[in-house]
Amino acid sequence: MKILPLFLIGFSLLSATLTTTQASGDIEAGKAKASLCNGCHGVNGISPNDLWPNLAGQKSGYLIKQLKAFRDNQRNDPMMAGITKSLSDDDINNLAAYYTSLK
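Conventions adopted
- Residues numbered from 1 in each chain as written.
- Predicted model: local features only at pLDDT ≥ 70, side-chain atom pairs only at ≥ 80, totals over all residues.
- Heavy atoms only, no water.
- Helix = DSSP H or I, 4+ residues; strand = E, 2+ residues; numbered from the N terminus.
- Buried < 20%, exposed > 50% of the residue type's maximum accessible area, 1.4 Å probe, protein only.
- Contact = heavy atoms within 4.5 Å.
- Areas by Shrake-Rupley, 256 points an atom, 1.4 Å probe, with all protein chains shown as cover.
- Salt bridge = Lys/Arg side-chain N within 4 Å of Asp/Glu carboxyl O.

Chemist: Provide a residue-level description of the overall build of the protein chain, including the pertinent values.
Modeler: Of regular secondary structure, the protein chain possesses six helices and zero strands. Listed by position from the N terminus, the elements making up the protein chain come as α-α-α-α-α-α. Counting over 103 residues, the protein chain shows a buried share of 31%. For the protein chain, the share of sequence-separated contacts (at least 6 apart) that also reach a separation of at least 24 residues comes to 62%. Only carbon and sulfur atoms are counted for the fraction: they give 62% of the accessible area of the protein chain, which is about 7,000 Å².

Here you go:
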């Protein structure tokens, strides 16, 4: 019976940590950096082409994971690789915060 309360406490702490990590980022800095993304993903994060995904309203954690995967060569796309190579972790967090804020 003592395992369940410990599990719930651990799960709560993990959830709080993930939410805090994913939510960090400067929306205005992300908006400024997003000019790199506008050509394919649209000025407001809505892609004009079916080949590229919409970024507006995506979950922050998803965007962070995907951008880091492109930057770190865990996902391979020649166009994304060229753009993401120069992104810092702060840049990625800011971009994620910006696109998550869009509806």
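Chemist: Account for unusual backbone geometry, with residues named and values stated.
Modeler: At N73, a residue that is not glycine, the phi angle is positive and equals roughly 60°. Structurally, N73 is set in the loop between α4 (60-71) and α5 (78-84).

Chemist: Describe the pattern of salt bridges, listing the residues and the values that go with them.
Modeler: Across all of its chains, the model carries four salt bridges by this definition. Among the ionic pairs, D72 bridges to R71, the shortest N-O distance being 2.9 Å. Looking at D72, the relative accessible area reads 40%, which means it is partly exposed. A single salt-bridge network, built from bridges that share partners, covers K68, R71, D72 and D89.

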